[in-house]
Amino acid sequence: MTRKGIRHFYIPEEQSVYLLSHADAKKLKDWIALCIAQLESLGFTDISLIGKGAYGFAFGGRDHAGAELVFKFTRITLPVSMQDRLEEEAFMQGLLSHSHIPAVKEFYQRGRQSILMMERAPGIDLEQYSLREGPVGPRLIVKMAVQLGKILLYLRQFELDGGHRPIVHGDIKPSNLVWDENNERLSLIDWGSSVYAQLDEHLQPVQNNVLDLMSGDIQQTNARLGDIYFIGDAQLNGERSSPRFDEQGLAGTLYALASGQSARFAHQVIPPSSLGLPKILSDILTYMLSDSVSEQHSGGDYLLSHLKLLENLVFANDSVERYESLLPVWVAKERKNIESVVYSSRKSFLRQQNDLSEQQSDELSQLSYLNDAQFERYYKNYLDGMGATEKGFLAAVSRLARYPVVGGLVIHWQPEGVYIDSSLNLQDPAREQAFKHAVNTVVTLARAIHRQGVFKCCLFDAKNTLHIEREQIEAPFVAGAATVIPYEKSSVSLSTSESRVHSYFEDGDDPDEFLALPPQIMQAIKALNAIHHTGCIIFEALEKHLKIHSYYRLLDHTKENEFNALLNEIIDSLPLLTGEGTCGFMKLPYKDTRFFEHRAKCADKFYPRNPRAR
Ligand SMILES: Nc1ncnc2c1ncn2[C@@H]1O[C@H](COP(=O)(O)OP(=O)(O)OP(=O)(O)O)[C@@H](O)[C@H]1O
């Protein structure tokens, strides 16, 4: 993508290994085994993969003395310029000495493979924590604000060789913060986007910057990748780097954590003032997230100069929130190990149609030809053409798939309000509360969006995805003899008359679908529609790889033979499929449609001034 303003940014969103082609999945496994072998040969023990990003992998392990370490590897397939990044990361992180920043131990170069070794921050990353717990309570949010604020002050005031040399982290977000629950301490990790600030907090050029002055490139930003779900406008628009960037990352992160979201976007609808925070912190976040640059700066300055005051706020004991779900949620009795993926269609209608420039339209049509990992990544950048609430809504839908859940959602926007059909089957009882909160956020944001149309999304288990490969684009897709589309059965058989059926087809054609199915497959799907069941089926045809994602639950057991025969017919007809693209069908169990009036904004709610007096 070449559009100004977004070219500096990427969004790492990892694809499930179950969605990779056989060859790619094998390459990945082999490569991980090789990294582990390399670390063992260096004398480290207890090695395991702890994280992966778009650019590399992180392994945990121990040294001879038993100290816990992290080893970061870059993907060897990346161009050399990208590989060099790890060395730069090691350099920048190596400058820092702070109790909330893991220290760099060593940087190894083994052939083309570089390895960054550092201390392991104890705990769990805050994105995982937030997915497990739902919104983080006010006491901990304040504690996190203070600790992060101290790190930012350290970076703002950083000195090198006696001169002021502020540093920008550039990618502050929940998944880059590791939280030690026992000691309630956070660590800021992933310094891969960090740079020397070009401007100080007053947006004046940093002095001593002789080399930059000489390079003549002082108008060009040196800023690195940052996550558009969290960074502020200045960074997004390619402005020169300054400590203000990280204040935006901090504000977006605290807001997302306090509201149980995975992005900063929805703060107009779910404002900081509605999150039960102490008024002082709510005001700070409101300012920092404002559109006005001067308000952002004064919010940041106020935060950093009032850390002591925040540190001394008094809280009552933490309370455990219980959430009533606004949509029906079925919770399995036991945890099932599934890998959820969300596929949402009709995204384009969430875009501000009038703003759709010709170039953006071109990009949209090109997007359909990218593979799905790229699609997701570019798509996030493509959110650029949407309003903030629409972006927040899509981020909230994506968050649902971070839970083990199958089913789907159909949202109909009408002038009088929003109608929502859903089937949400959570496969982990321990996540019930946090998941219900995540569902409620989707509803809250849907209510704040005003337009007419439909949005659909399906949630399926990537472990059930069928992969059919071919040598070349002209060849047909032929499934192996044992290929079947999996399905499960409801515990009791239900005939159609016992519940109303939501048809696959009543929403009409989907404008975002780029793949036309052959009539034989369409007929089978139409015939399936008459059998009482729920679920979804998505065909994703790439040049040499066809994926069939599905989630099926048969409700009318008397029709099992017919159901099976139709699923087999789909498989048998795959060789007739031509073209590339994606298309899908979804059937929800019955019309237990919920209606919600539009609502622009959640009501204010603050933490009590005198909590112990309650
Ligand atoms: N020092 C550390 N201590 C503890 N965990 C760490 C540390 N460094 C990395 N991790 C774990 O590894 C994951 C990936 O690390 P990191 O974010 O640095 O890699 P990345 O490739 O830059 O990822 P991304 O592209 O997602 O930003 C982190 O989310 C975290 O869970």
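Residues numbered from 1 in each chain as written. Predicted model: local features only at pLDDT ≥ 70, side-chain atom pairs only at ≥ 80, totals over all residues.

As named in an unreviewed UniProt entry, the protein chain is Serine/threonine protein kinase, taken from Alteromonas alba.

## Considerations on the overall build of the protein chain
The helix and strand tally for the protein chain stands at 16 helices and 23 strands. Per-residue burial for the protein chain yields a buried fraction of 40% across its 614 residues. Residue pairs at least 24 apart in sequence account for 75% of intrachain contacts in the protein chain once pairs closer than 6 positions are excluded. (Helix = DSSP H or I, 4+ residues; strand = E, 2+ residues; numbered from the N terminus. Buried ≥ 20, exposed ≤ 12 C-beta atoms within 10 Å, placed from the backbone. Contact = placed C-beta atoms within 7 Å.)

## Quick word on the pairing of strand β11 (residues 185-188)
Here strand β10 (residues 177-180) runs beside β11; their pairing, made up of four bridges, is antiparallel. Bridge pairing in β11 links Asp-180 to Arg-185. (Pairing = 2+ DSSP bridges.)

## Some points on the domain arrangement of the protein chain
Taken domain by domain, the protein chain consists of domain 1 (17-119), domain 2 (124-208 + 219-311) and domain 3 (330-596). On the side of domain 3, 20 residues touch domain 2, which itself brings 16 residues to the contact. Taken together, the residues that form the side of domain 2 that touches domain 3 break down as nine nonpolar, five polar and two charged. (Domains from an automatic or database assignment. Nonpolar A, V, L, I, M, F, W, Y, C, P; charged D, E, K, R; others polar.)

## Quick word on the environment of Ile-231
Structurally, Ile-231 is set in the loop between α5 (210-215) and α6 (233-236). Taking the C-beta count within 10 Å as the criterion, Ile-231 has 25 such neighbours and is therefore assigned buried. Distance from Ile-231 to Leu-42, taken between C-alpha atoms, is 38 Å for residues 189 residues apart in sequence.

## Things to note about the sheet that holds β10
With antiparallel pairing, the three strands of this open sheet are ordered in space as β6-β10-β11. Across the chains shown, the open sheet's two edge strands, defined by having one partner strand only, are β6 (124-125) and β11. Bridge count for β6 against β10 is two bridges, and the pairing is antiparallel. Bridging from a neighbouring strand, Asp-125 pairs with Val-178 of β10.

## Some details on the UniProt feature "binding site: ATP" (unreviewed entry) in the protein chain
Cross-referencing UniProt, the feature "binding site: ATP" (unreviewed entry) maps to Lys-72 in the present numbering. One can find Lys-72 in strand β3 (residues 68-74). Residue classification places Lys-72 among the buried residues on the basis of 25 C-beta atoms within 10 Å. The residues touching Lys-72, leaving out its near neighbours within four places in the chain, are Gly-56, Ala-58, Leu-86, Ile-115 and Leu-116. (UniProt positions renumbered as here; feature names shortened; annotations may be inferred.)

## Focus: unusual backbone geometry
Within the chain, Asp-161 stands out as a residue other than glycine whose phi angle is a positive 50°. Inspection of the secondary structure assignment puts Asp-161 in the loop between β7 (159-160) and β8 (163-164). Here Glu-184, not a glycine, exhibits a phi torsion of approximately 50°, which is positive. Tracing the backbone shows Glu-184 in the loop between β10 and β11. Glu-184 sits in the partly exposed class, given 13 other C-beta atoms within 10 Å.

## Observations concerning the nonpolar core
Counting residues in each nonpolar core, the largest one holds 119 residues, and the members touching the most others are Ile-141, Leu-254, Leu-400, Val-442, Leu-445 and Ala-446. Of the residues forming this core, the biggest block, nine residues, is contributed by helix α14 (residues 432-448). Beyond its immediate stretch of four places on either side in the chain, Ala-446 contacts Phe-393, Ile-411, Val-418 and Ile-420. Core analysis: the next-biggest nonpolar cluster, separate from the first, contains 13 residues, Phe-59, Leu-69, Val-70 and Leu-116 among them. (Core = buried A, V, L, I, M, F, W, Y, C linked by C-beta atoms within 7 Å.)

## Regarding the environment of Arg-351
Counting through the fold element by element, Arg-351 comes out in the loop between β14 (340-345) and α11 (358-367). For Arg-351, a count of 18 C-beta atoms within 10 Å gives the class partly exposed. Distance from Arg-351 to Leu-383, taken between C-alpha atoms, is 7.9 Å for residues 32 residues apart in sequence.

## A look at helix α2 (residues 80-95)
Taking 1.5 Å as the rise per residue, α2 with 16 residues should run 22 Å; its terminal C-alpha atoms sit 23 Å apart, in good agreement. Those residues of α2 that fall on the buried side of the exposure criterion are Gln-83, Leu-86, Glu-89, Ala-90, Met-92 and Gln-93. (Expected span 1.5 Å × (residues − 1).)

## Considering the sheet that holds strand β1 (residues 45-52)
Spatial strand order, β1-β2-β3-β5-β4: five strands in an open sheet with antiparallel pairing. The sheet is open, and its two borders are formed by β1 and β4 (104-110), each paired with just one other strand. In this sheet, neighbouring strand axes are inclined to one another by 25° on average, regardless of whether the strands run parallel or antiparallel. The sheet contacts of α2 involve β3, β4 and β5 (113-119), and relative to β5 the element is tilted by about 25°. (Axes fitted to C-alpha atoms, helices over the stretch in contact; angles between N-to-C directions.)

## Remarks on the packing of helix α4 (residues 138-156) against helix α7 (residues 243-259)
Following both chains from N to C, one finds α4 and α7 inclined at 170°, their axes separated by 11 Å at the closest point. Here α7 runs roughly antiparallel to α4, going by the angle between their axes. In this structure, α4 uses Ile-141, Met-144, Ala-145, Leu-148, Leu-152, Leu-155 and Arg-156 to contact α7, whose residues at the interface are Pro-243, Asp-246, Glu-247, Leu-250, Leu-254, Leu-257 and Ala-258. Looking at the contact of α4 with α7 residue by residue, the class counts come to 11 nonpolar, no polar and three charged. (Parallel < 35°, antiparallel > 145°, perpendicular 65-115°, else oblique.)

## Examining the confidence of the model for the protein chain
When pLDDT is averaged along the protein chain, the result is 86; 87% of the residues meet or exceed 70. For residues 1-14, every residue scores under 50 in pLDDT, and the model assigns this stretch 34 contacts once sequence neighbours within four places are set aside. When the criterion is pLDDT under 50, residues 363-377 qualifies, and its contacts beyond four places in sequence or with other chains add up to 21 contacts. Confidence estimates for the predicted assembly give a pTM of 0.89 and an ipTM of 0.94. (pLDDT = per-residue confidence, 0-100.)

## Considering the pairing of β5
Of all seven residues in β5, five are buried; the element is thus mostly enclosed. Pairing of β3 with β5 involves five bridges; the strand directions are antiparallel. Within β5, the residue paired with Lys-72 across the bridge is Leu-116. Relative to β5, β4 is paired through six bridges, and the arrangement is antiparallel. Across the sheet, Tyr-108 pairs through a bridge with Ile-115, a residue of β5. Adjacent in sequence and paired antiparallel, β4 and β5 are bridged by two residues, among which Gly-111 carries a positive phi angle near 65°.

## Observations concerning α4
Between its first and last C-alpha, α4 extends 26 Å over 19 residues, near the 27 Å set by a 1.5 Å rise per residue. Among all positions of α4, only Pro-138, Ile-141, Val-142, Met-144, Ala-145, Gln-147, Leu-148, Gly-149, Ile-151, Leu-152, Leu-155 and Arg-156 are buried. The inward-facing, buried residues of α4 contact β9 (167-168), β11, α7, α8 (279-288), α9 (293-305) and α10 (307-311).

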